[in-house]
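Read off the chains here:
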Amino acid sequence: MSAELVARPRRLRSSSAIREMLREVVLRPSDFMYPLFVVPGSGVKKPIDALEGQFHLSADEAAKMAADVFALGVKSIILFGLPAEKDPAGASGADPHGPVQSAIRAIKKAVPEMVVATDVCLCEYTDHGHCGILDGQTVDNDATLPHLARQALSHAQAGADMIAPSDMMDGRVGAIRSLLDQEGFSHIPIMAYSVKYAGAFYGPFRDAAGSAPQFGDRRSYQMDPARRREALIEVDLDIAEGADIVMVKPAGPYLDIIRDVREHCDMPLAAYQVSGEYAMIMAAARAGLMDEKAGALESLLSIKRAGADIIITYMAPKAAKWLRECS
Ligand SMILES: [Zn+2]
């Protein structure tokens, strides 16, 4: 007998009830924000090859999808648009009748309580696929800001509840805040993609959103994955410019960064479980290497445990269903 073995953490793992009692982190369907890809037209619900289980949706179908996920307890969505037209300046992003603006109106009519956030960026609307206006082969930061602000304003005018700039230009939160305030939308919050790392995990999304750059990559504006402290600089800048919610993206491979931001400030924090993270779980499940439900829920729990308040995830509807079955 070992007399000195006093601490026995296993005492508190002995039954399902005791484990549940001691859980510090609990996932809820309302933690999730569900991304939708909206396209022109009506009656369109087309599976996205690169993102298993996700669809390109016209405004009317997006409204139906929003109603379905709201019924599951997912109370926020974020819209990405695929326009009919692209040009060097991404002008179609601010079209009041563009796919995002149309989807906002349809969703708010069908499900008024749904929190409708919109991604603001130029890459889905520019013919070159970069997130800003080009000067030769480089993205011109300051020339891009008014275009982003105009796109954001068009979303607010269509009825969006929250504006989410993802472009990573310096000063864009301030530019958007200032135009929104000037035009009577001082009540609309900004969820800033404050900490967005460049990398390989966005592959499936670029196919889904038709936003792959035609040349080069995004490393001159998105962050270098080897820099940790820069995350806090970006967060502080966005807060100073008027961000209401800050975000870390991707989520799973960057849990240390989520924790850093959580400890650094008291702002609400979102984390984006990106397409590559989703694809890895789905592929592993399909190959019989991992249980899909257990793997997905563990990945989401870990993001919340790291400190995220909001998890943007393609798993949202499925995870909401699973959580309901468990409870
Ligand atoms: Zn972009």
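Everything here concerns the structure above.
**Q** Which parts of the structure should I look at to understand the pattern of salt bridges?
**A** Enumeration over the complete set of coordinates arrives at 16 salt bridges. Residue Lys108 pairs with Asp161 through a salt bridge whose shortest N-O separation is 2.7 Å. On the criterion of sequence distance, the pair formed by Lys108 in helix H3 (residues 99–110) and Asp161 in the loop between helix H4 (141–158) and strand E8 (162–165) is long-range, its members being 53 residues apart. Here Asp260 and Arg228 are joined by a salt bridge, their closest N and O atoms 2.6 Å apart. Here Arg228 lies in the loop between helix H6 (203–209) and helix H7 (230–241) and Asp260 lies in helix H8 (residues 255–264), a separation of 32 residues in the sequence. Overall, Asp260 belongs to the buried group, its relative accessible area being 14%. For Arg228, a relative accessible area of 48% translates into the label partly exposed. Among the charged side chains, a network of salt bridges with common partners joins Arg28, Asp31 and Lys304.

**Q** Is there a simple way to think about the environment of Glu61 in this case?
**A** For Glu61, the location among the structural elements is in helix H2 (residues 59–71). Overall, Glu61 belongs to the buried group, its relative accessible area being 13%. Those residues in contact with Glu61, other than ones at most four positions away along the chain, are Gly43, Val44 and Lys45.

**Q** Honestly, empty space enclosed by the protein in this entry has me stumped. Any pointers?
**A** Over the atoms rolls a probe the size of a water molecule, and its path tells where empty space is left. A complete count under the given rule lists two cavities of 30 Å³ or more for this structure. Roughly 110 Å³ of volume is contained in the largest cavity. What lines the largest cavity is a set of 15 residues, and nearest its centre among them are Cys123, Lys196, Phe205, Gln222 and Lys249. Of all elements in the fold, only strand E9 (191–196) and H6 reach the threshold of two or more residues within the lining of the largest cavity. The class makeup of the residues in the lining of the largest cavity is six nonpolar, three polar and six charged. Of the pockets and cavities examined, the second largest cavity occupies roughly 40 Å³. Around the second largest cavity sit Tyr34, Pro35, Leu36, Phe37, Gln54, Phe55, Leu57 and Met65, which together line it. When residues of the lining of the second largest cavity are traced back to their parent elements, those giving at least two are strand E1 (32–38) and strand E3 (55–57). Per element, the largest residue contribution to the lining of the second largest cavity is four residues, and it comes from E1. Class assignment for the residues of the lining of the second largest cavity results in seven nonpolar, one polar and no charged.

**Q** For this particular structure, what's the right way to read a positive patch on the surface?
**A** Residues Arg8, Arg10, Arg11 and Arg13 make up a contiguous surface patch of positive charge. Relative to the assigned elements, Arg11 resides in the segment before helix H1 (16–21).

**Q** Whenever I open this one, the coordination of the zinc ion confuses me. Can you help?
**A** Note on metal geometry: ideal angles are 109.5 degrees for four donors arranged tetrahedrally and 90 or 180 degrees for six donors arranged octahedrally. Coordination of the zinc ion by the protein comes from Cys121 (SG), Cys123 (SG) and Cys131 (SG), over a distance range of 2.2 to 2.3 Å. Along the chain, the residues donating to the zinc ion fall in the pattern C-x1-C-x7-C. Residue Cys121 is found in the loop between strand E5 (115–120) and strand E6 (134–135), and its partner Cys131 is found in the loop between E5 and E6; the two are separated by 10 residues along the sequence.

Reading the values: the criteria
Residues numbered from 1 in each chain as written. Predicted model: local features only at pLDDT ≥ 70, side-chain atom pairs only at ≥ 80, totals over all residues. Heavy atoms only, no water. Salt bridge = Lys/Arg side-chain N within 4 Å of Asp/Glu carboxyl O. Helix = DSSP H or I, 4+ residues; strand = E, 2+ residues; numbered from the N terminus. Buried < 20%, exposed > 50% of the residue type's maximum accessible area, 1.4 Å probe, protein only. Contact = heavy atoms within 4.5 Å. 1 Å grid on protein atoms, 1.4 Å probe; cavity = no way out; pocket = protein on both sides within 12 Å on 5 of 7 lines; lining within 4 Å. Points joined across faces, edges and corners; volume = space filled by probe spheres on them. Nonpolar A, V, L, I, M, F, W, Y, C, P; charged D, E, K, R; others polar. Patch = residues over 30% accessible without salt bridge, like charges linked within 9 Å, V, L, I, M, F, W, Y side chains within 5 Å. Areas by Shrake-Rupley, 256 points an atom, 1.4 Å probe, with all protein chains shown as cover. Lys, Arg positive; Asp, Glu negative; His and termini not counted. Charge placed at Lys NZ, Arg CZ, Asp CG, Glu CD. Donors = N, O, S within 2.8 Å, 3.2 Å for Na, K, Ca; no water.

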